[in-house]
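Results of the structural survey
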Amino acid sequence: MNDPAPLMPLNWITLNAEDAEHAWLELNAWVTWLRTTYGLSAAIVPPAWHRHPELVWEFSALHTYWQAAFHPHQDATAPLRWHEDFVQARLRLQHWVAASGTKLTRDRPTPDAVWPPDTAVPIKDIAISHRDQDFVDFVNDDITARS
């Protein structure tokens with residue numbers, strides 16, 4: 001039996017275009033699985049999560065942790081520990097979703113702490129009409145920027 005490759009944390013900053021494309025597609029599939037399996041609301045997993053770096057980093061960490069917890073060489077208590085930590089992660093996700101203002105049908109960029117405050121650009125909501133196409137467009141833009 002072949003041993004699975006060792007897991008490594010995902011660093012979105014250092015990914016090249018090819019690795020980023022693979023990572024985006026894998027993470028999107030896993031987040032969809034997570035959302036539907038656990039019945040998570042848009043207050044925890046909003047449709048435009050991919051547009052919010054704080055959510056991308058959290059989901060990436062959760063995904064790596066989940067893979068490690070269910071690794072064939074892991075001890076039998078690892079999945080339980082993942083679920084215990086998932087409780088805390090859901091609280092963080094809920095906080096970040098609320099702070100960003102993204103919702104089920106509308107998205108807005110995560111507010112930036114602008115210095116000085118009087119130079120802040122108004123944040124506008126964007127309607128989410130075709131989530132899957134938005135994800136594809138976002139990933140294509142990200143891959144182009146990395147090329």
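Scroll up a little and you will see the structure.
Residues numbered from 1 in each chain as written. Predicted model: local features only at pLDDT ≥ 70, side-chain atom pairs only at ≥ 80, totals over all residues. Heavy atoms only, no water.

The next thing to look at is the overall build of the protein. A count of helical and extended segments in the protein gives four helices and two strands. Here the protein holds 147 residues, and the buried ones make up 33% of them. The contacts of the protein with a sequence gap of at least 6 include a subset with a gap of at least 24, amounting to 65%. About 9,400 Å² of surface is accessible on the protein, with carbon and sulfur atoms providing 59% of the total. Of the charged side chains in the protein, 11 are positive and 19 negative, and the gap between their average positions amounts to 9 Å. (Helix = DSSP H or I, 4+ residues; strand = E, 2+ residues; numbered from the N terminus. Buried < 20%, exposed > 50% of the residue type's maximum accessible area, 1.4 Å probe, protein only. Contact = heavy atoms within 4.5 Å. Areas by Shrake-Rupley, 256 points an atom, 1.4 Å probe, with all protein chains shown as cover. Lys, Arg positive; Asp, Glu negative; His and termini not counted. Charge placed at Lys NZ, Arg CZ, Asp CG, Glu CD.)

Interaxial distance between helix α1 (residues 17-37) and helix α4 (residues 131-146) falls to 9 Å at its minimum, and their mutual angle equals 160 degrees. On the basis of the axis angle, α1 is roughly antiparallel to α4. Our pair here, α1 against α4, has a crossing hand that is right-handed. Only R131, F135, F138, V139, D142, I143 and R146 of α4 make contact with α1, whose side of the interface consists of A17, A20, E21, W24, L25 and N28. Residues that form the contact of α1 with α4 fall into these classes: eight nonpolar, one polar and four charged. (Axes fitted to C-alpha atoms, helices over the stretch in contact; angles between N-to-C directions. Parallel < 35°, antiparallel > 145°, perpendicular 65-115°, else oblique. Left-handed = near helix turned anticlockwise from the far one by under 90°. Nonpolar A, V, L, I, M, F, W, Y, C, P; charged D, E, K, R; others polar.)

The subject of this paragraph is the layout of surface pockets. Put simply, the largest pocket is a space of about 330 Å³. Of all the secondary-structure elements, those providing two or more residues to the lining of the largest pocket are α1 and α2 (53-69). Here the lining of the largest pocket takes five residues from α1, the largest share from any one element. Taken together, the residues that form the lining of the largest pocket break down as eight nonpolar, five polar and two charged. Roughly 180 Å³ of internal volume is contained in the second largest pocket. Counting residues per element, the ones that place at least two in the lining of the second largest pocket are α1 and α4. In terms of residue count, the dominant contributor to the lining of the second largest pocket is α1 (four residues). The class makeup of the residues in the lining of the second largest pocket is eight nonpolar, three polar and three charged. (1 Å grid on protein atoms, 1.4 Å probe; cavity = no way out; pocket = protein on both sides within 12 Å on 5 of 7 lines; lining within 4 Å. Points joined across faces, edges and corners; volume = space filled by probe spheres on them.)

We now examine the pattern of salt bridges. The tally for this structure, following the rule as stated, stands at seven salt bridges. Here D125 and R108 are joined by a salt bridge, their closest N and O atoms 2.6 Å apart. Within this pair, whereas D125 is found in the loop between β1 (106-107) and β2 (126-127), its partner R108 is found in the loop between β1 and β2, the two being separated by 17 residues in sequence. Looking at D125, the relative accessible area reads 32%, which means it is partly exposed. Through salt bridges with shared partners, one network takes in R106, R108 and D125. (Salt bridge = Lys/Arg side-chain N within 4 Å of Asp/Glu carboxyl O.)

In this structure the tally under the stated criterion is 14 aromatic pairs. Measuring from centroid to centroid gives 5.3 Å for W66 and F70, while their planes differ by 40 degrees, and the two rings are tilted. The exposure class of W66 is partly exposed, given its relative accessible area of 22%. A residue is classified by how much of its surface remains accessible, and F70, at 41% relative accessible area, is partly exposed. Within the aromatic cluster, the residues linked to one another by ring pairs are W30, W33, Y38, W66, F70, W82 and F86. (Phe/Tyr/Trp six-rings, centres within 6.5 Å; stacked < 30°, edge-to-face > 60°.)

As for its placement among the helices and strands, I126 is situated in strand β2. A relative accessible area of 51% means that I126 is categorised as exposed. Measuring from C-alpha to C-alpha, the distance between I126 and D107 comes to 5.1 Å, with 19 residues separating the pair along the chain. What I126 contacts, discounting residues up to four positions off in sequence, is T105, R106 and D107.

Function cannot be inferred from these measures alone, as they are strictly geometric.
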